[in-house]
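These are the residues of each chain, in order.
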Amino acid sequence: MPIDVLVMIFAYLDPKDMLSLSRSTKDFRAFLLDSSTAPVWKAARRNAPYLPAKPEDMSEPMFAHLFFDKFCHHCLKPGVGEMYWVLAGRFCVSCLQDATVNPTNCDYQRKRSLMVTDSGTKVPVPTFRFAYQRRDRVYGERASVSEWAMTLRRWEKVKGNKQLEKVFVEREYTRCAERDAIAKEWAEWERRRDAEHSRQLKDHRYDRLRGVIKNLRELGWGCEVDSMGELTDDHELFNLPLVRLSRPWGPQSWAKVKADAIRVVQDIREKRILAERKVSFNTRHKYLQRFIDRLSKRFDIVFPHEREFFEFPEIKALVDAPTSQIVAQADFDALEGVTTNHVASWREDIKQRIMEKFCKEADFDIPDYATAEKLAIFNAATCSVSYCDVHLLPARMFTHNCFHRSECRSYQETAEKTEYAKWVDSMLGPVLWVPTMSFNTQCVKMLLELCGKDPLATTAEEMDKCDIRFRCNRCPRRYRGLLTGSQQIFTWRSLIFDHSRETRQSHIQEFAVVHPQDAEQVAPLEAAIRAKSLADKQKRVRMIWYCSLCPKDNNWRSTHDEVVKHIQTSHEVAEPSEEHMMVDSSAYSKHRSVFLIQKGAPVATVDEDARDGLLDDTAVIGDIHAPLVP
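Read on for an overview of the structure. Since we're looking at a predicted model, the values are computed, not measured.

**Concerning the pairing of strand S5 (residues 112-116)**
With 4 of 5 residues buried, S5 lies mostly within the body of the structure. As paired elements, S5 and strand S6 (residues 122-124) share 3 bridges and run antiparallel to each other. Within S6, the residue paired with Leu-114 across the bridge is Pro-124. In this antiparallel pair of consecutive strands, S5 and S6, the connection spans 5 residues, and Gly-120 shows a positive phi of 95 degrees.

Following this line, the structure appears as structure tokens:
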């Protein structure tokens with residue numbers, strides 16, 4: 001190819017391309033490194049934007065090598081990015097220590113590092129700032145070894161002449177200042193080049209992002225793409241590795257990134273649908289709560305938990321309806337009749353499940369729930385959850401909180417759940433009603449046998465009204481510091497409920513009937529406890545009350561405030577009194593155990609009230625009689 005044609009082609013290249021071309025063949029190397037091709041290199045420099053002017057003491061190939069090659073100038077190691085412009089050289093980490101030296105002195109006034117000659121003269125040298133420990137921000141100055149060697153050779157020519165030495169030092173100050181100015185200009189070019197390069201790479205990435213978004217819109221994901229917001233570095237699609245590539249967007253690019261992009265928008269759609277579903281569920285849940293509140297006024301305390309309503313088919317159809325379907329309060333109110341039937345069926349089903357559990361544990365054959373509800377052996381149930389163990393009256397068996405906790409369900413019951421059930425449980429927490437209770441039939445049988453009563457015929461009301469009291473011979477005689485001469489007296493309920501589950505089983509053979517003379521001493525104490533409990537607002541709230549104006553077979557039972565509201569609305573009594581409502585005889589503190597202290601017995605205690613028998617649950621009597629033998 002003619003030389004003039006090559007020169008015309010070279011005029012369109014930049015210095016980096018010229019360097020690569022000069023290393024391709026020997027002929028190109030001999031041609032391009034010849035001094036006669038300087039105009040060709042100069043034309044190439046004009047193609048590089050913002051490139052500083054070439055110093056006069058530097059050849060064209062050397063200038064191009066300094067700016068565009070990434071080789072260590074000491075060992076020719078490739079891939080060295082750190083450039084030290086003051087030294088006009090590029091050094092790797094291992095060569096930097098060998099190619100540079102620490103200045104021995106410093107001119108603080110002129111802010112210049114100095115080297116000391118053998119005669120003691122301080123000569124300035126070009127230096128750069130070097131980070132010894134980047135993490136601790138420890139910096140220092142370094143100078144080039146070759147630069148210092150050249151300075152010493154020039155120093156030898158003027159050494160001994162004070163006038164020339166002074167001129168030499170000033171000339172070196174000027175040269176260092178010029179070198180710093182050139183290095184600053186070169187560093188600014190590097191910064192602008194890197195910024196331009198970063199901008200180009202960012203444009204490529206955003207072009208790729210726009211290409212991905214365009215193809216997603218064509219596939220019907222426009223709603224999800226719009227929800228991601230504007231095109232910024234925080235865009236969710238921008239985090240995909242194939243989107244962040246610094247390559248132009250091409251025809252084959254979409255095929256490579258399609259699967260990952262669709263996966264991202266699918267996740268966004270699922271999150272959006274879930275959020276809309278949650279809002280819709282919360283709105284319908286509020287409608288259902290209002291509906292349940294109105295419906296509950298038609299029933300007594302035996303009423304399903306809120307979680308049970310979500311399993312009724314008609315309510316489930318409304319709550320589980322598509323999000324796009326509009327569901328209003330009137331839609332729930334229209335289900336009042338059918339829901340009332342569901343509640344009645346639920347009550348009968350729960351009663352049947354309770355009866356099955358009771359008959360299995362008691363080994364009795366009771367005809368129906370109404371008969372079993374009155375029996376004493378049925379009224380001694382306790383919760384079987386380890387941290388609970390509370391007394392469960394028949395009415396409370398339906399609404400006890402532990403029966404709606406997830407830990408009370410077995411694995412088989414929770415292993416297979418529908419998506420609707422999982423969703424409701426995750427939002428509400430409680431699960432469907434599961435009876436985790438124990439009827440303590442062995443303990444009650446033992447007590448009734450001690451009294452000479454038939455377990456299948458004795459009602460709880462009869463046991464509450466009788467004056468029979470019990471004691472446990474194995475319980476320690478220690479209470480408020482009382483050591484000897486004291487006896488704890490129980491009713492039939494408190495004997496069961498004051499003992500833990502384990503203690504009831506181990507002490508069952510030690511139950512005994514208290515002597516009638518000792519039982520007479522208990523009545524005033526129990527009356528005082530009951531009066532004090534009724535006067536205590538907090539205890540009164542925890543009791544179960546029932547409306548005395550309702551038929552006896554269907555007394556409306558609930559808390560104190562709810563019964564008051566019921567009497568005001570249903571019976572139109574403005575200010576209900578104790579004549580209109582009564583506390584459940586099986587719930588008040590009459591059945592808390594009391595203590596009898598034998599008069600004159602040694603008592604080791606610091607509680608003077610207990611010693612003098614002034615507490616409301618403690619009495620001092622003459623003698624404590626031996627228990628009756630059945």
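**A closer look at the packing of helix H2 (residues 15-22) against helix H4 (residues 38-46)**
For any two helices packed against each other, the geometry comes down to the angle between their axes and how far apart the axes lie. Where H2 meets H4, the axes come as close as 8 Å, and the angle between the chain directions of the two elements is 140 degrees. Here H4 runs oblique to H2, going by the angle between their axes. Contacts between H2 and H4 involve Pro-15, Met-18 and Leu-19 on the former and, on the latter, Val-40, Trp-41, Ala-44 and Arg-45. Here the contact of H2 with H4 is composed, by residue class, of 6 nonpolar, no polar and 1 charged.

**Considerations on the environment of Gly-89**
On the secondary structure map, Gly-89 appears in strand S2 (residues 89-90). Note on Gly-89: relative accessible area 2%, which makes it buried. Excluding anything up to four places from it in sequence, Gly-89 contacts Leu-66, His-73, Met-83 and Tyr-84.

**Focus: the sheet that holds strand S9 (residues 381-383)**
Spatially, S10-S9-S11 is the arrangement adopted by the 3 strands of the open sheet, whose pairing is antiparallel. Both edges of this open sheet fall to strand S10 (391-392) and strand S11 (437-438), since each of them pairs with a single strand only. Strand direction decides the pairing type here: S9 and S10, joined by 2 bridges, are antiparallel. Within S10, the residue paired with Thr-382 across the bridge is His-391.

**Description of helix H10 (residues 253-296)**
The end-to-end C-alpha distance of H10 is 63 Å, a good match for the 64 Å that 44 residues give at a rise of 1.5 Å each. Where H10 bends most, at Ala-259, the angle is about 40 degrees.

**Considerations on the packing of aromatic side chains**
Here the structure, examined in full by the defined rule, presents 19 aromatic pairs. With centroids separated by 6.1 Å and ring planes inclined at 65 degrees, the aromatic side chains of Phe-10 and Phe-28 adopt a geometry described as edge-to-face. Residue Phe-10 is located in helix H1 (residues 3-10), and its partner Phe-28 is located in helix H3 (residues 26-32); the two are separated by 18 residues in the primary sequence. Residue Phe-10 is classed as buried on the basis of its relative accessible area of 2%.

**Considerations on the nonpolar core**
Nonpolar side chains tend toward joint burial in soluble globular proteins. Ranked by internal contacts, the top residues of the largest apolar core, which has 47 residues, are Ile-354, Phe-358 and Phe-378. The contact partners of Phe-358, leaving out residues within four places of it in the chain, are Asp-363, Ile-366, Ala-372, Ile-377, Phe-378, Phe-439 and Thr-441. By size, the runner-up hydrophobic cluster in this structure holds 29 residues, among which are Met-58, Leu-66, Phe-128 and Trp-186.

**Concerning the pattern of salt bridges**
Per the counting criterion, the structure on display carries 21 salt bridges. Its salt-bridge partner being Arg-199, residue Glu-196 comes within 2.4 Å of it at the nearest N-O pair. Of this pair, Glu-196 and Arg-199 both sit in helix H8 (residues 162-218), 3 residues apart, which is roughly one turn of that helix. For Glu-196, a relative accessible area of 27% gives the class partly exposed. Of the residues examined, Arg-199 reaches a relative accessible area of 41% and is grouped as partly exposed. In this structure, Asp-320 and Arg-277 form a salt bridge, with 2.4 Å as the shortest nitrogen-oxygen distance. Highlighted residues: Asp-320 in the loop between helix H12 (313-319) and helix H13 (329-333) and Arg-277 in helix H10, separated in sequence by 43 residues. Classification of Arg-277 as buried rests on a relative accessible area of 18%.

**Describing the packing of helix H5 (residues 60-68) against H8**
One way to put it is that H5 packs onto H8 with a least axis distance of 11 Å and a crossing angle of 55 degrees. Taken together, the axes of H5 and H8 are oblique relative to one another. Contact with H5, carried on its side by Phe-63, Leu-66, Phe-67 and Phe-68, involves Trp-186, Trp-189 and Arg-193 of H8 and no other residues of that element. Considered class by class, the residues forming the contact of H5 with H8 number 6 nonpolar, no polar and 1 charged.

**Looking at the state of the cysteines**
Think of a disulfide as a covalent bridge from one cysteine sulfur atom to another cysteine sulfur atom. By the definition in use, this model includes 0 disulfides. With no disulfide of its own, Cys-72 lies 3.6 Å from the sulfur of Cys-75, the closest cysteine sulfur. Here Cys-92 is not cross-linked by a disulfide; its sulfur's nearest cysteine counterpart is in Cys-95, at 3.3 Å. In this structure Cys-92 comes out as buried when scored by relative accessible area, which is 4%.

**Describing unusual backbone geometry**
Positive phi, close to 65 degrees, is recorded for Tyr-50, a residue that is not glycine. Tracing the chain through its elements places Tyr-50 in the loop between H4 and H5. Positive phi, close to 55 degrees, is recorded for Ala-88, a residue that is not glycine. Mapped onto the secondary structure, Ala-88 falls in the loop between strand S1 (83-84) and S2.

What counts as what
- Residues numbered from 1 in each chain as written.
- Predicted model: local features only at pLDDT ≥ 70, side-chain atom pairs only at ≥ 80, totals over all residues.
- Heavy atoms only, no water.
- Buried < 20%, exposed > 50% of the residue type's maximum accessible area, 1.4 Å probe, protein only.
- Helix = DSSP H or I, 4+ residues; strand = E, 2+ residues; numbered from the N terminus.
- Pairing = 2+ DSSP bridges.
- Axes fitted to C-alpha atoms, helices over the stretch in contact; angles between N-to-C directions.
- Parallel < 35°, antiparallel > 145°, perpendicular 65-115°, else oblique.
- Contact = heavy atoms within 4.5 Å.
- Nonpolar A, V, L, I, M, F, W, Y, C, P; charged D, E, K, R; others polar.
- Expected span 1.5 Å × (residues − 1).
- Bend = angle between axes of the 7 residues up to and from the residue.
- Phe/Tyr/Trp six-rings, centres within 6.5 Å; stacked < 30°, edge-to-face > 60°.
- Core = buried A, V, L, I, M, F, W, Y, C linked by side-chain atoms within 4.5 Å.
- Salt bridge = Lys/Arg side-chain N within 4 Å of Asp/Glu carboxyl O.
- Disulfide = S-S within 2.5 Å.

This is a description of form; function is not addressed.
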